[in-house]
Amino acid sequence: WKGGFGFFATSRDVTRRLAVPNGEVRKVVLEVWNDEGLVRREERVTPNGLAAELTQEIVLHRGPHRASAQIWLGNAQEARVFQKAFDPGDASALVLEPTPAAP
């Protein structure tokens, strides 16, 4: 894809590192958006907490994107929401440290 000057989408690993206690995470909804809309949505139920990092393999073009994560901790009824704007550029793997979204 690099020979296409970034015009072609390629598969990338997008990892989110969130400032939450991994053992308390019970449910996660991960989304990636671009200017055209939702690119990928994934829901995971984790009754015993997170055992690994939150990584998704996603086909992305260069350009502005937004990653969001909704996290339910313990018995909480409301999700904690984290967001991060990013541009995948040429990277084949990205590590995002989203911040809490404003209420």
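Refer to the preceding data block for the structure.
Rules behind the numbers
- Residues numbered from 1 in each chain as written.
- Predicted model: local features only at pLDDT ≥ 70, side-chain atom pairs only at ≥ 80, totals over all residues.
- Heavy atoms only, no water.
- Core = buried A, V, L, I, M, F, W, Y, C linked by side-chain atoms within 4.5 Å.
- Buried < 20%, exposed > 50% of the residue type's maximum accessible area, 1.4 Å probe, protein only.
- Helix = DSSP H or I, 4+ residues; strand = E, 2+ residues; numbered from the N terminus.
- Contact = heavy atoms within 4.5 Å.
- Phe/Tyr/Trp six-rings, centres within 6.5 Å; stacked < 30°, edge-to-face > 60°.
- Lys NZ or Arg CZ within 6 Å of the ring centre and 35° of its normal.
- Pairing = 2+ DSSP bridges.
- Axes fitted to C-alpha atoms, helices over the stretch in contact; angles between N-to-C directions.

Undergrad: A description of the nonpolar core should follow, citing residues and the corresponding values.
TA: Listed in full, the 11 residues of the largest apolar core are Leu-18, Val-20, Val-25, Val-28, Leu-30, Leu-50, Leu-54, Ala-69, Ile-71, Leu-73 and Phe-82. Those elements that place two or more of their residues in this core are strand S2 (25–34) and strand S5 (65–73). Other than its neighbours up to four places away in sequence, Leu-18 contacts Leu-54, Ala-69, Ile-71, Phe-82 and Pro-98. Counting 8 residues, the second-largest nonpolar core is a separate cluster that includes Val-14, Val-32, Ala-67 and Leu-96.

Undergrad: Quick rundown of the packing of aromatic side chains? Include the residues and the values.
TA: What characterises a pair of aromatic rings is the spacing of the ring centres plus the angle enclosed by the ring planes. Tallied over the full model, the rule gives 0 aromatic pairs. Positioned above the aromatic ring of Trp-72 is the side chain of Lys-27, whose terminal nitrogen or guanidinium carbon lies 4.6 Å from the ring centre.

Undergrad: An account of the sheet that holds strand S7 (residues 93–96) is requested, with residue identities and associated values reported.
TA: Read across the open sheet, the 3 strands follow the order S4-S1-S7; overall the sheet is mixed. At either end of the open sheet lies a strand with only one pairing partner, and these are strand S4 (54–60) and S7. Within this sheet the neighbouring strands show an average axis-to-axis angle of 25 degrees, counted without direction. Note that strand S1 (residues 10–16) and S4 share 7 bridges and pair antiparallel. Bridge pairing in S4 links Arg-16 to Leu-54.

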